[in-house]
Amino acid sequence: MICSKCKGEVPDDMQYCPHCGTKIVKCPNCGQIIYPTSQFCPHCGMNLNGSNQDDYHDNYDYQTNNKHSSIGGYYKPLDQDESYHQNQYYNNDNNNYNNSYDNYHIYHDNQNYNDYDYQNYDSYEKPKRKVNIPLIVGAVIVLVALSGLSYWYLYYGASSNDTYSDSYDINEFYGDSKDSNTTTVTNLTISGSTSDTSKFGNNIQGGFVYQSDDKIYMQNDSGYLVSMDYDLSNQTVLVEDEVSYINVTDDKIYYCDSEYVLHSMDLDGSNEQTYFDGEDVYYVNVIDNMIYYQLDSDSESIYVYDINLKTSKQITDHQSYNINVVDDMIYFTGSDGIYAISTTGQGEEKLISGEVYNLIYSNNKLYYYIDGVVYSYNIDSKETTTLADGYLLNMTDDYLFYYTSSYVLYRYDISTGQSTSIYTGYISDVSICGDKLVVTTYSSGNYNKVLLTFDGTQQQSIFIETTTDSGDYV
């Protein structure tokens, strides 16, 4: 399968794109990948509006491809198989057609054709219809108001700052905050540094953001590579192509292009170089003089490239995702669990069994999720702890950030175990840059980068420029 967002290859048994983290939504008729907002399936042409599409996506489990029933605020998969849901979907569609058919006959059956004067047909005049001008004006006003609200939601999203509870308030999904004073749109500046934990998290999200000592490098709303200052000023486009897996050293910028071919260039954009004969690579980690990566063409196995010697070596022939290089060890996920191996390729060990996603190393623990539940694994004690219900996206040394099928982003405090909702709306990925989150929102077919504080109380669109007295980005 091909991911609808990043166009990366996705194994058939996965429900999340391993390259960019996007949820995989499939057509209930043909099973092909579709965009969440699709009105018709581009593969089989099925009308996806036959049933309430919003309800369909809100209650869809992207891990198991099953509809869910809500029980006490938690989602429990139904026992029926996929064909059950498809039949329900078609039945709903047929019901709509049947209702339309019945209404047609009710209308015509009520007409008294016997009373019609066929003799005077030629002299018959069509009744004049009066245009309801006030109704039209009112409708235009409503449309203008809705357009304004849509524009605001597209660029700024909807944020809330509510303590986690088992129940889900449908008003949160549409951006209503219970505390109207918790969210402000302001001019933000990135401070602090990005920890190794967050760098691991950024890499498994697609490597769209990288913080150096004096610059921020990230993918803009068009996917291009852009550099900027910490206050988001002096934005400069360096590469006009959709990029990922950004790494920056003292003198080089490394990135993958839209075909996942690895390139490097000097900090000023000169001396561009292409690696690995144009082969597709993923999970690129540039550490010292070594480049660790997954080689897609060789069964998605892990390789290391010596920059000085210009030689590559296979570390493991195991199918590998979510690569975390920690000192002399590499932690990664395969199709059946979590593995550890030395950077020299010795001592491969399986740590956890299961379909594991979004592995992140932090302080001698591994964080990940299985079947919509976030866990931690202590490498020393080999103990597993259940943390929260949701899909782990990213984390710092103190917090982890996870997403739910209700489109709510939560912050989990590792020290207290408390979860707090910080953002509501459809997002495709979450990166961490210093003391801020970089959230890629999605609406009406557009992706937009939003800078968000860890508590969700302040946010700013990064690449949408609005004219103000000071000329800042808001």
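Our subject is the structure listed above.
Residues numbered from 1 in each chain as written. Predicted model: local features only at pLDDT ≥ 70, side-chain atom pairs only at ≥ 80, totals over all residues. Heavy atoms only, no water.

### Re a nonpolar patch on the surface
Phase 1: On the surface, Val 142, Leu 143, Leu 146 and Leu 149 cluster together to form a nonpolar patch covering roughly 400 Å² of accessible area.
Phase 2: Tracing the backbone shows Val 142 in helix H3 (residues 133–156). (Patch = residues over 30% accessible without salt bridge, like charges linked within 9 Å, V, L, I, M, F, W, Y side chains within 5 Å. Areas by Shrake-Rupley, 256 points an atom, 1.4 Å probe, with all protein chains shown as cover. Salt bridge = Lys/Arg side-chain N within 4 Å of Asp/Glu carboxyl O. Helix = DSSP H or I, 4+ residues; strand = E, 2+ residues; numbered from the N terminus.)

### Quick notes on unusual backbone geometry
Phase 1: In this model, Asn 363 sits at a positive phi of 50°, which is unusual for a non-glycine residue.
Phase 2: Inspection of the secondary structure puts Asn 363 in the loop between strand S23 (357–362) and strand S24 (365–370).

### With respect to the sheet that holds strand S21 (residues 337–342)
Phase 1: The four strands are arranged S19-S20-S21-S22 in an open sheet whose pairing can be described as antiparallel. Two strands close off the open sheet at either side, each with one partner strand: strand S19 (321–326) and strand S22 (349–353). Strand after strand, the sheet turns through a mean of 20° between neighbouring axes, direction not considered. (Pairing = 2+ DSSP bridges. Axes fitted to C-alpha atoms, helices over the stretch in contact; angles between N-to-C directions.)

### Structural notes on the packing of aromatic side chains
Phase 1: Taken as a whole, this structure holds 24 aromatic pairs when the rule is applied.
Phase 2: When the centroid spacing of 5.6 Å and the interplanar angle of 15° are considered together, the rings of Tyr 331 and Tyr 361 count as stacked. Of this pair, Tyr 331 sits in strand S20 (residues 329–334) while Tyr 361 sits in strand S23, and the two are 30 residues apart along the sequence.
Phase 3: Ring geometry for Tyr 369 and Tyr 391: centres 5.3 Å apart, planes at 65°, overall edge-to-face. Separated by 22 residues along the polypeptide, Tyr 369 in strand S24 and Tyr 391 in strand S27 (residues 391–395) bring together distant segments of the chain. Of the two residues, Tyr 369 and Tyr 391, both sit in the buried class.
Phase 4: Clustering of aromatic rings is evident, with ring pairs tying together Tyr 254, Tyr 275, Phe 276, Tyr 293, Tyr 303 and Tyr 305.
Phase 5: The aromatic ring of Phe 208 is capped on one face by Lys 449, whose charged end is 5.8 Å from the ring centroid. (Phe/Tyr/Trp six-rings, centres within 6.5 Å; stacked < 30°, edge-to-face > 60°. Buried < 20%, exposed > 50% of the residue type's maximum accessible area, 1.4 Å probe, protein only. Lys NZ or Arg CZ within 6 Å of the ring centre and 35° of its normal.)

### Considering the pattern of salt bridges
Phase 1: Enumeration according to the criterion identifies five salt bridges in this entry.
Phase 2: Taking the shortest distance from any N to any O, the salt bridge between Asp 266 and Lys 252 comes out at 2.9 Å. On the criterion of sequence distance, the pair formed by Asp 266 in strand S13 (residues 262–266) and Lys 252 in strand S12 (residues 252–256) is long-range, its members being 14 residues apart.
Phase 3: Taking the shortest distance from any N to any O, the salt bridge between Lys 382 and Glu 349 comes out at 3.8 Å. With Lys 382 in the loop between strand S25 (373–378) and strand S26 (384–389) and Glu 349 in strand S22, this pair connects stretches of sequence that are 33 residues apart.
Phase 4: Relative accessible area serves as the criterion here: at 38%, Glu 349 is assigned to the partly exposed category.

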